[in-house]
Amino acid sequence: MGEAGEIQLQIAGIQGQQGGDDHGQRAAGNGGVCRPAATASPRPPLSKRLVWWAMVLVNVVFVLAGQSVATLLGRIYYDQGGKSLWMQTVVQSCGTPLAIPLLIYFRTRRPSSSSSSVAAAAPARPPLAKLAAIYGGLGVLLAGDNLMYSYGLLYLPMSTYAIICASQVSFNALFSYFLNKEKFRALILNSVVLLTFSAALVGVSHGSDGSDSAIPKGKFPAGFALTLSASALFSLILSLMQLTFEEVLKSDALPTVLEMQFWSNTAAAVVSVAGLFASGEWRTIAGEMAAYEKGEVAYAMTLAWTAVSWQLCTMGLMGLVAMVSSLFTNVISTVGTPLAPVIAVIFLGDRMDGVKLLAMLLAVWGLMSYVYQHYLDDRAKAKKSDEQLQDAKISAE
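Residues numbered from 1 in each chain as written. Predicted model: local features only at pLDDT ≥ 70, side-chain atom pairs only at ≥ 80, totals over all residues. Heavy atoms only, no water.

Going by what an unreviewed UniProt entry lists, the chain is known as Probable purine permease and is assigned to Urochloa decumbens. The Subcellular location (unreviewed entry) comment attached to the chain in UniProt states, word for word, "Membrane". (UniProt positions renumbered as here; feature names shortened; annotations may be inferred.)

### Thoughts on the overall build of the chain
The helix and strand inventory of the chain stands at 16 helices and zero strands. Taking contacts inside the chain between residues at least 6 apart in sequence as the whole, the part at least 24 apart equals 84%. Counting only carbon and sulfur atoms, one obtains 67% of the accessible surface of the chain, whose full area is about 20,800 Å². (Helix = DSSP H or I, 4+ residues; strand = E, 2+ residues; numbered from the N terminus. Contact = heavy atoms within 4.5 Å. Areas by Shrake-Rupley, 256 points an atom, 1.4 Å probe, with all protein chains shown as cover.)

### Focus on empty space enclosed by the protein
The final tally for this structure, using the stated rule, is three cavities of 30 Å³ or more. Put simply, the second largest cavity is a space of about 60 Å³. Taken together, Ala-70, Thr-71, Gln-88, Gln-92, Tyr-149, Ser-150, Leu-153, Tyr-161 and Trp-310 form the lining of the second largest cavity. Taken together, the elements giving at least two residues each to the lining of the second largest cavity come down to α2 (46–79) and α6 (128–155). Ranked by residue count, the leading element in the lining of the second largest cavity is α6, at three residues. (1 Å grid on protein atoms, 1.4 Å probe; cavity = no way out; pocket = protein on both sides within 12 Å on 5 of 7 lines; lining within 4 Å. Points joined across faces, edges and corners; volume = space filled by probe spheres on them.)

### Some remarks on the pattern of salt bridges
Within the structure shown, the criterion is met by two salt bridges. A salt bridge links Asp-79 to Arg-75; its shortest N-O distance comes to 3.0 Å. Of the two residues, Asp-79 and Arg-75 are both situated in helix α2; the distance of four residues between them amounts to about one turn of the helix. For Asp-79, a relative accessible area of 16% puts it in the buried group. (Salt bridge = Lys/Arg side-chain N within 4 Å of Asp/Glu carboxyl O. Buried < 20%, exposed > 50% of the residue type's maximum accessible area, 1.4 Å probe, protein only.)

### Some thoughts on the packing of α6 against helix α10 (residues 220–249)
Contact geometry of α6 with α10 gives a least axis separation of 8 Å together with a crossing angle of 160 degrees. Taken together, the axes of α6 and α10 lie roughly antiparallel to each other. Between α6 and α10 lies a crossing of left-handed hand. A breakdown of the residues in the contact of α6 with α10 according to their chemical character gives 21 nonpolar, seven polar and two charged. (Axes fitted to C-alpha atoms, helices over the stretch in contact; angles between N-to-C directions. Parallel < 35°, antiparallel > 145°, perpendicular 65-115°, else oblique. Left-handed = near helix turned anticlockwise from the far one by under 90°. Nonpolar A, V, L, I, M, F, W, Y, C, P; charged D, E, K, R; others polar.)

### Comments concerning the packing of aromatic side chains
Per the counting criterion, the structure on display carries nine aromatic pairs. When the ring of Tyr-292 is compared with that of Tyr-299, the centres are 5.2 Å apart and the planes differ by 80 degrees; the resulting orientation is edge-to-face. Judged by relative accessible area, Tyr-299 falls into the buried class, the value being 1%. (Phe/Tyr/Trp six-rings, centres within 6.5 Å; stacked < 30°, edge-to-face > 60°.)

### Quick look at the environment of Val-257
Here Val-257 lies in helix α11 (residues 254–278). Accessibility expressed as a relative area gives 0% for Val-257, which makes it buried. Between the C-alpha atom of Val-257 and that of Met-241, which follows or precedes it by 16 residues, the distance is 9.6 Å.

Structure (structure tokens):
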């Protein structure tokens, strides 16, 4: 729709300028020289383009920093004596109140005159019952996904956990193909194969889980299976969210994205808190806090900053969805996974042996393959848009 509108505006400019040229030629007589009309639409000011790129970069940093710090703090929580899986699940979604100021801002902001026509053309809002069912269903899936990730982080070294999470992009390619009609190209298929081999290499190599962290003995197979399942479920959730934006909400504006994020994560937080009480783990929180090696204040601060870090990551993800695309957002999120093994080696004493290093390199190779394919797709779309613009110029002449 945006490309067609731009072409129509440029056609109108061409025709208007041609009329002006014809008038000038009649006044000058036969001695006049026919000059081509300037048809190129004005490019946005350099300052605006720089601001846009700066905002994209800030959101990328939010995603990479929030994701890495939250995973690191989750591992520290277990190493220092934390044992509640449901508490770790709760903190992954309970930071949603931090998004309330943004929601209030977009709700109370008055639309400008330039955006009144866009607001008038906005799609009708779906029924409240339908939205509640969608957000509630996504919340239940998110709570289950967060719980499986909590098990994986408890049963695996952080570096191993992060490498297995890199398989998320291969699952995303499959779900996007079936649910979002994403095309399977050679480089994407190459990415899927490489990331699958990377996760499998970690899974069969028990020597790779050596670590100074407090990892329960004999839990590697369960941790591997649960982390792999969580990666698959998270990819499914992303595809379902994209499907909801396209088929139900019919909008990817920032207020819509924030609303989905807030309500789906609020539902996930409610489910997680219910699980915390239903499991009886809430009774052990006081004793767990007292027995925490770094003290009660450190216990509370670890959980609080974990929640803030996950929310920071979420805000960055939502910002990228609004400014670029959901596909780009998922790629950036997955690209952040190779950072975690490096952080784990530096701060947690995880051992980076040859097998784990090879698996990480395969994961990076697969991720770069995935990114490069979408770079090629964007170039092809830009070329097609230029060809349409040239055709419009020729037809207008």
